[in-house]
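Single-letter residue listing:
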Amino acid sequence: MGRPSKGERVAVNAKPDTVLAGIIKRNAVMLDMSAGDYMVALAAYALGLPDHAPQPGRSTEALEALELIGERPMLPSVVGPLSAAPRIMTNSEELTDQLAS
(Lines give C-alpha, C1' and ligand atoms only; values in the text may rest on other atoms or scores of the structure.)
Protein backbone atom coordinates (compact mmCIF):
# COMPACT_ATOMS: atom_id res chain seq x y z
CA MET A 1 0.00 0.00 0.00
CA GLY A 2 1.31 3.46 -0.90
CA ARG A 3 1.49 6.42 1.41
CA PRO A 4 -1.57 8.63 1.92
CA SER A 5 -2.10 11.55 -0.45
CA LYS A 6 -0.92 14.98 0.70
CA GLY A 7 -3.62 16.63 -1.38
CA GLU A 8 -3.26 18.82 -4.43
CA ARG A 9 0.32 20.04 -4.87
CA VAL A 10 2.38 21.97 -7.40
CA ALA A 11 6.06 21.26 -8.03
CA VAL A 12 8.48 24.11 -7.32
CA ASN A 13 12.17 23.46 -7.82
CA ALA A 14 15.05 24.86 -5.78
CA LYS A 15 18.79 24.54 -6.28
CA PRO A 16 20.55 25.68 -3.10
CA ASP A 17 24.34 25.76 -2.95
CA THR A 18 26.01 22.66 -1.56
CA VAL A 19 26.40 23.97 1.99
CA LEU A 20 22.75 24.98 2.31
CA ALA A 21 21.61 21.76 0.61
CA GLY A 22 23.56 19.75 3.16
CA ILE A 23 21.91 21.58 6.05
CA ILE A 24 18.44 21.18 4.52
CA LYS A 25 18.96 17.46 3.94
CA ARG A 26 20.42 16.89 7.43
CA ASN A 27 17.55 18.68 9.16
CA ALA A 28 14.95 16.96 6.99
CA VAL A 29 16.37 13.51 7.83
CA MET A 30 16.38 14.30 11.56
CA LEU A 31 12.75 15.42 11.32
CA ASP A 32 11.76 12.42 9.18
CA MET A 33 10.70 14.71 6.34
CA SER A 34 11.68 14.95 2.70
CA ALA A 35 13.95 17.87 1.82
CA GLY A 36 11.11 19.33 -0.24
CA ASP A 37 8.62 19.13 2.64
CA TYR A 38 11.19 20.71 4.96
CA MET A 39 11.73 23.63 2.56
CA VAL A 40 7.96 24.06 2.12
CA ALA A 41 7.53 24.10 5.91
CA LEU A 42 10.26 26.75 6.29
CA ALA A 43 8.65 28.88 3.59
CA ALA A 44 5.15 28.46 5.06
CA TYR A 45 6.26 29.69 8.49
CA ALA A 46 8.40 32.48 7.05
CA LEU A 47 5.44 33.73 4.98
CA GLY A 48 3.06 33.56 7.96
CA LEU A 49 1.11 30.57 6.60
CA PRO A 50 1.83 27.82 9.15
CA ASP A 51 -1.41 25.98 8.33
CA HIS A 52 0.14 25.11 4.96
CA ALA A 53 3.31 23.61 6.46
CA PRO A 54 3.93 19.85 6.27
CA GLN A 55 4.49 18.38 9.73
CA PRO A 56 7.62 16.54 10.87
CA GLY A 57 7.35 12.77 10.85
CA ARG A 58 9.00 12.50 14.26
CA SER A 59 7.19 12.81 17.55
CA THR A 60 7.95 15.48 20.12
CA GLU A 61 9.66 12.82 22.26
CA ALA A 62 11.96 11.83 19.38
CA LEU A 63 12.87 15.45 18.75
CA GLU A 64 13.66 15.93 22.45
CA ALA A 65 15.89 12.84 22.32
CA LEU A 66 17.81 14.36 19.40
CA GLU A 67 18.43 17.46 21.51
CA LEU A 68 19.77 15.30 24.36
CA ILE A 69 22.48 13.87 22.10
CA GLY A 70 23.40 17.30 20.75
CA GLU A 71 21.53 17.13 17.44
CA ARG A 72 19.35 20.18 16.90
CA PRO A 73 17.48 20.34 13.62
CA MET A 74 16.02 23.75 12.88
CA LEU A 75 12.31 23.24 13.32
CA PRO A 76 10.28 25.12 10.72
CA SER A 77 7.94 26.38 13.46
CA VAL A 78 10.72 28.50 14.98
CA VAL A 79 11.12 30.52 11.79
CA GLY A 80 9.51 33.90 12.28
CA PRO A 81 7.41 35.52 9.58
CA LEU A 82 9.37 37.66 7.15
CA SER A 83 8.96 41.28 8.19
CA ALA A 84 8.82 42.51 4.62
CA ALA A 85 7.17 39.52 2.98
CA PRO A 86 5.46 40.40 -0.25
CA ARG A 87 1.70 40.35 -0.29
CA ILE A 88 0.42 37.14 -1.83
CA MET A 89 -1.05 37.75 -5.27
CA THR A 90 -4.38 36.03 -5.79
CA ASN A 91 -4.31 36.07 -9.59
CA SER A 92 -2.22 37.04 -12.60
CA GLU A 93 -4.18 40.27 -13.09
CA GLU A 94 -3.03 41.55 -9.68
CA LEU A 95 0.55 40.66 -10.53
CA THR A 96 0.29 42.44 -13.90
CA ASP A 97 -1.15 45.54 -12.19
CA GLN A 98 1.66 45.59 -9.63
CA LEU A 99 4.35 45.17 -12.28
CA ALA A 100 2.84 48.01 -14.31
CA SER A 101 2.90 50.44 -11.36
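Here the structure is shown first, and the text comes after it.
All values derive from a computational prediction rather than experimental measurement.

Analysis parameters
Residues numbered from 1 in each chain as written. Predicted model: local features only at pLDDT ≥ 70, side-chain atom pairs only at ≥ 80, totals over all residues. Heavy atoms only, no water. Helix = DSSP H or I, 4+ residues; strand = E, 2+ residues; numbered from the N terminus. Buried < 20%, exposed > 50% of the residue type's maximum accessible area, 1.4 Å probe, protein only. Contact = heavy atoms within 4.5 Å. Core = buried A, V, L, I, M, F, W, Y, C linked by side-chain atoms within 4.5 Å. Expected span 1.5 Å × (residues − 1). Polar contact = N/O pair within 3.5 Å; in protein donor to acceptor, adjacent residues only side chain to side chain. 1 Å grid on protein atoms, 1.4 Å probe; cavity = no way out; pocket = protein on both sides within 12 Å on 5 of 7 lines; lining within 4 Å. Points joined across faces, edges and corners; volume = space filled by probe spheres on them. Nonpolar A, V, L, I, M, F, W, Y, C, P; charged D, E, K, R; others polar. Axes fitted to C-alpha atoms, helices over the stretch in contact; angles between N-to-C directions. Parallel < 35°, antiparallel > 145°, perpendicular 65-115°, else oblique.

Enquirer: Help me understand the environment of methionine 39 in this model?
Expert: If you trace the backbone, methionine 39 turns up in helix α2 (residues 35–46). Judged by its relative accessible area of 29%, methionine 39 falls in the partly exposed class. Each C-alpha atom, one on methionine 39 and one on alanine 14, is 9.1 Å from the other, the two residues being 25 residues apart in sequence. In this structure, methionine 39 is in contact with Ala14 and Ile24, ignoring residues within four places of it in sequence.

Enquirer: Mind showing me how you'd approach unusual backbone geometry here?
Expert: In most cases, non-glycine residues show a negative phi, while peptide bonds are predominantly trans. Phi angles above zero are rare outside glycine, and aspartate 32 is one such case at about 60°. By the element assignment, aspartate 32 lies in the loop between α1 (18–30) and α2.

Enquirer: So what exactly am I meant to see when it comes to the nonpolar core here?
Expert: Within soluble globular proteins, side chains that are nonpolar tend to cluster in buried spots. Ile24, Ala28, Leu31, Met33, Tyr38, Ala41, Ala44, Tyr45 and Ala53 form the largest nonpolar core, which has nine residues in total. Listed by contribution, the elements that provide at least two residues to this core are α1 and α2.

Enquirer: For this particular structure, what's the right way to read α1?
Expert: Here α1 spans 18 Å end to end across 13 residues, near enough to the 18 Å set by a 1.5 Å rise per residue. Measuring from the side-chain oxygen of the N-cap residue of α1 to the backbone nitrogen of valine 19 gives 3.2 Å; that N-cap residue is aspartate 17. Just downstream of α1 lies aspartate 32, where phi reads positive at about 60°.

Enquirer: I would appreciate a short explanation of the layout of surface pockets in the present structure.
Expert: Left-over empty space is what a probe sized like a water molecule reveals as it rolls over the atoms. In this structure, the largest pocket encloses a volume near 630 Å³. Contributing to the lining of the largest pocket are 19 residues, with Arg9, Val10, Val12, Val40 and His52 lying nearest its centre. Broken down by class, the residue content of the lining of the largest pocket amounts to 11 nonpolar, four polar and four charged.

Enquirer: Could you clarify how one ought to interpret the packing of α1 against α2 in this entry?
Expert: A pair of packed helices can be characterised by two numbers: the angle between their axes and the separation between those axes. The N-to-C vectors of α1 and α2 enclose an angle of 100°; their axes lie 8 Å apart at closest approach. Compared by their axis directions, α1 and α2 come out roughly perpendicular. Note on element contacts: α2 touches α1 through Ala35, Tyr38 and Met39, opposite Ile24, Asn27 and Ala28. In terms of residue class, the contact of α1 with α2 is built from five nonpolar, one polar and no charged.

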